[in-house]
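# Inside the fold
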Amino acid sequence: MKNKRIQAKWNEKLIMDKGAPGRRAHIPMQLDIPSVEVPDKYKRISPAKLPEVSELELVRHVVRLSQMNHGVDVGEYPLGSCTMKYNPKVNERIARFEQFTELHPDTPDQFMQGSIQVIYELQEAIKKITGFTGVTVQPVAGAQGEYVGMLIAQAYHNERKDNKRTTVLVPDSAHGTNPASAAMAGYKVIELPSTSEGFVDLEVLEAALDDTVAAFMITNPNTLGLFEPNILKISELVHKAGALMYLDGANFNGIIGMVTATSMGFDIMHLNLHKTFSSPHGGGGPGSGPVGVVDKLVKYLPSPMAVYDKEKDHYSFDFDLPHSIGRLHGYYGNFAVNLRSLAYIYRNGGEGLKKVCEAAVLNANYLMEKVREIKGFTVPKSEKVPRKHEFIASPYRMMQETGISANDIAKAMLDYGVHSPTIYFPLIVHEAMMFEPTEGETRTNLDHMVLALKEISDLAYEDPDAVHRMPLLTGSSRLDEFSLAKNPVLSKKSKK
Amino acid sequence: MTDVIKVNDYIVRKDRFYMKSHEWALEQADGTWLMGISDYAQKMLREISYIQYEDVDEDFDAGEVIVVVEALKATGDIYAPFDCTLIENNEKLDDEPEIVAQSPYEEGYLIKIKPRSDDRSKLITAEEYAKVIEAELDEL
Amino acid sequence: MSFYESYIGTSESERNEMLTAIGMSDILELFSEIPEGILLKKPIELPGPYSEAELTRIFAKIAKKNIDPSTIVSFLGGGVRQQYVPAVLEELMRRGELYTAYTPYQPEVSQGMLQLLFEYQSQVAELLGMDIVNASMYDWGSAMGETIKIMHRINKKNKIIVALPISPNRIEVTNAYIKYTDIKLEFIPSKNGNVDSEKLIEILEIEAAKDKKEREIAGIYFEYPNYYGTLIENTEKICELTHAFKGLVTVGVDPIAMAILKTPGEFGADFVVGEGQLLGNPVNSGGPLLGILASRFERKWIRQVPGRLIGATTELESSSAGYCITLQTREQHIRREKATSNICSNQALTAVVASIYLSALGKQGVIELAESIMNRAHYLANELNKIDGVTAPKSNGFFFSEFLAEFNGLTHDKLEKICIDKGFVPGKAIGEDGCTRLISVSEPQSKEDLDNFIACIKEVMQ
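The structure presented is a predicted model; accordingly, all values stated were derived computationally and were not measured. (Residues numbered from 1 in each chain as written. Chains lettered and ligands numbered in written order. Predicted model: local features only at pLDDT ≥ 70, side-chain atom pairs only at ≥ 80, totals over all residues. Heavy atoms only, no water.)

### Side note on the interface of chain A and chain C
Between chain A and chain C, the residue contacts involve 207 residues of the former and 186 residues of the latter. Counting the surface lost from both chain A and chain C, the interface buries some 17,200 Å², and carbon and sulfur atoms represent 63% of this. It is Tyr 42, Arg 347 and Leu 490 of chain A in chain A that bury the most area against chain C; as a group they hold 6% of the surface buried on that side. Linking chain A with chain C are 10 salt bridges. Taken together, the connections running from chain A to chain C amount to 94 residue pairs in polar contact (both at pLDDT 80 or more). The element contributing the most residues to the side of chain A that touches chain C is helix H9 (residues 335–372) of chain A, with 26 residues. Tallied by class, the residues present in the side of chain A that touches chain C amount to 103 nonpolar, 62 polar and 42 charged. (Contact = heavy atoms within 4.5 Å. Buried area = accessible area lost by both parts, 1.4 Å probe. Salt bridge = Lys/Arg side-chain N within 4 Å of Asp/Glu carboxyl O. Polar contact = N/O pair within 3.5 Å; in protein donor to acceptor, adjacent residues only side chain to side chain. Helix = DSSP H or I, 4+ residues; strand = E, 2+ residues; numbered from the N terminus. Nonpolar A, V, L, I, M, F, W, Y, C, P; charged D, E, K, R; others polar.)

### Quick word on the nonpolar core
Residues Ile 152, Leu 205 and Phe 216 of chain A together with Phe 59 of chain C are the most contacted members of the largest nonpolar core, which totals 187 residues. Counting residues per element, this core draws most heavily on H9 of chain A, at 17 residues. Beyond its immediate stretch of four places on either side in the chain, Phe 216 of chain A contacts Leu 169, Val 170, Pro 171, Leu 192, Val 200, Leu 205, Ile 234, Val 238, Leu 244, Met 245 and Tyr 246 of chain A. Ala 25 of chain A together with Met 130, Val 253 and Ile 387 of chain C belong to the second largest nonpolar core, which has 123 residues in total. (Core = buried A, V, L, I, M, F, W, Y, C linked by side-chain atoms within 4.5 Å. Buried < 20%, exposed > 50% of the residue type's maximum accessible area, 1.4 Å probe, protein only.)

### A look at the sheet that holds strand S7 (residues 271–275) of chain C
Residues and elements named next belong to chain C. Taken together, 7 strands build an open sheet; the order of strands is S2-S8-S7-S6-S5-S3-S4 and the sheet is mixed. Both outer strands of the open sheet, strand S2 (132–133) and strand S4 (184–188), are each paired with one neighbouring strand and no more. Relative to strand S6 (residues 248–253), strand S5 (residues 217–224) is paired through 6 bridges, and the arrangement is parallel. Note on S6: the bridge partner recorded for Gly 219 is Leu 248. Packed onto the sheet, helix H6 (residues 140–155) meets strand S3 (159–163), S4, S5, S6, S7 and strand S8 (291–295) and runs at close to 165° relative to S7. (Pairing = 2+ DSSP bridges. Axes fitted to C-alpha atoms, helices over the stretch in contact; angles between N-to-C directions.)

### As for helix H8 (residues 231–240) of chain A
The periodicity of an α-helix, 3.6 residues per turn, causes residues three or four positions apart to be oriented the same way. All names here are of chain A. Turning to H8, its buried residues number three or more, namely Ile 231, Ile 234, Ser 235, Leu 237 and Val 238. End-on view of H8: buried residues confined to an arc of 165°, all on one side of the axis. On its buried face, H8 sits against helix H7 (202–208), strand S4 (213–219) and strand S5 (244–249). In the segment just after H8, Gly 242 is the residue with positive phi, at about 85°. (Arc of directions from axis to C-beta.)

### Observations concerning the packing of helix H1 (residues 55–67) of chain A against helix H5 (residues 111–128) of chain C
Axis separation between H1 of chain A and H5 of chain C bottoms out at 7 Å; the angle between their running directions is 135°. Between H1 of chain A and H5 of chain C, the interaxial angle falls into the category oblique. On the side of H1 of chain A, the interface is formed by His 61, Val 62 and Leu 65 of chain A, while H5 of chain C contributes Gly 112, Gln 115, Leu 116 and Glu 119 of chain C. Considered class by class, the residues forming the contact of H1 of chain A with H5 of chain C number 3 nonpolar, 3 polar and 1 charged. (Parallel < 35°, antiparallel > 145°, perpendicular 65-115°, else oblique.)

Listed below in structure tokens is the structure:
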């Protein structure tokens, strides 16, 4: 018990089930001006049944719920491919500056020089970090960035009248968003099997490449945490076939400051600012998914782009982009997310970003060596090769010997105050558990994770049923997900 | 008792045809066919929670998705075995999708179809299908 | 200086020890598979590293290049607008347990986020008169694009009727979303600053009269209030006619207006989209926003809804309530290229803001807020209309919080320049010729702000 941690369990009712008629929290300002009646034909028939709670009731409700939520601020969060790194508090402070938060995006240029400067400087910083000559920070999530990348690929090939290119290749270890984004952009997706060591199979790739391939989308380091040693050869093959190289930047924390995307031969990439660049995940979003491209693709980037006239010292938006794929967001993207990430980049500087990468990779490899020694675990594929920022451990042996699966271990870890790693992904490893500790964790924290896994392993071999019952110290125990999927209750209304 | 082949714990009934993608198809006396998923398929999907039906009377070409079986964390696309018209959805599964697991070959059938062509080349025998399962299990 | 060490968990000497522990002597050994030729030899040239104090100063200086919000009153709207953010909301949103969490894939330790999102779904459904709401899209435009795709998937027909006026940006986003599908948008031009509902009805009647096999329309989309602030006529009839040929109706809304206006649920719409920034999220130079996507409850349709859905269930071993992500098989991480959408990261935190905001306003407050905004808009339009040369509203039909105003004899440039010098942004330019502006009011504006603006326009028009 001494290594376990207890999460609050408040049995907090739904806010709609709290309160009483007439209780009030926020009361809007009323002006001394005439009241207008809504004409009958437009009048709402029955008022919305929203909660009636006092302000203190609301405060306790949200504070209690927050105590039933695990975040980076609460404990270890080694969720692979998600880069749950610390969200520096100074970024939050900067993001609260009123000149940014109260600014309407249609404000004339001369009154939003600061906001446009932020967008412009982030475009410039990402250019330097990735090596690309054009960068847009408009996409609001990694998946939207991927879609932008695919639209750019379409625009490029179409303008060249290279209309036969209807397929996009992805390795079988790809994130689910890759095939989904390519399909959304009208491409047929072909999955390529990886080698037994988890790398791109050059022979398979070469055989798949022909004049119908528009792009090869890969993640490097890949979802096993491995850097593609043949990356230059891969780029050469893809380019020879006339296709574009797309880099999914979800794993950029494993190489940032060490290598640029262009030097590896990529033509397009997206980054996830909520991963590598420290903006908070917010319980699912908002994120930001900037896209960088090589010279020949710059003209297709989304509209508008932030530009700077050095002579006049004036920032503005360029809407005059006749080849642009258009707009993916109502305004300029998730500005406040972008702002946080720019602050993070400047706080670290080039030197700091390199250190971030080194420390993240070291933490991952240190943790991997310790996990490898725990009974029932292996580190499959390319066993001797160092990982980058993340690694896959497989408790397949434990599963066969005790019946305890990756899911059971993930659930048991919660009782140690540690969020579970990503499980069952990538699909090419049995019982995959993908650990990404990030540079933010101390050695003490890494050792705590190892201790938790050791205790769970011991228990699995002694009393597997006890592991099946975990977690017991969390805001809720295991839930009945099946009944819910059968009869979905998606709002209070449909609950009746 | 219907004749069966057993591959590990998975039952393959010998009275009908199969597809490599784990559907079964059984011709009825009136020339229509019943379709469902094999015991192996329902066990691999686990916890089937919903069947996504298409509209009755619609035409499908061989290889088109004709119904989707939804489980908690996976889905299975069911393909038309030949050009056909969808003539019945097993609506009992709407409220009780568990029937697919309880009785994949009888009560838990998914749809009834009427052929629009004579090409049966996508169908394989029970023996051939048993080999498909064996090969898949080997890979795991 | 090594200011970046603040965010690194290990000390320099610990890192050396750890390196030794894994049998290495140089950190570069961990990067040995990166081809020698491309390994960066020196740090990327970027500003920084900076101390926290310096960094704050740098960004404070950049921020000051924006106009000081306390010195200007802005009448910009058109989809997003300035909010008064209640202190209770601002303080609660500082809870690190919430904003530093990932998507709640482990429900046992994420009940807080899950319950708040379920409360968001429930409260917004109630506000819109719909049954279900997803856990957020990126913004109104992406919600519109995705819903047009839903209607297409359900009905398998190519044509979507889109009734103007609609923000041009939103149309552009929608076009990007449907670019490589076979969906065709057919636009109905606006008439007198409102939706041309007669024309719309005519098109729907023709479609309904067609033989089943000849029909081409999957659904229709209009906004309520629309981009020019006005309300469309005959919503019930439009829904009825569309349903007569099994078409679907999607309505884009201002969610606050729904507190007092007949809801799309009440007049018979099937899907509702809208901008949730208006639910307590700061306007933030344009983002993050919050795409609302709501639907009536039809089991078949729910499978077509993109994005995350939070459901209510119980613990396996008890009857205690619990919440989790459900119907995940629609999503990209399971369905891959066959997913309903590629969306993964969404705008969850802005949905939590919306949820807490609606709870804080409550049943009475949300009505009072809607009324107070509507009253401001009508007061302002009335007073502006009294000024020689100003027509406000320059449209037919009842309006909620925004209206078109025409300033005779002026150009956009001239009006903007004079107003801005006096501390006002006079709404948004509509069209390049003449001087028609879209004027929007918001909660932070006082009567004095409105009166000063009216006085300013009087001066300008003389």
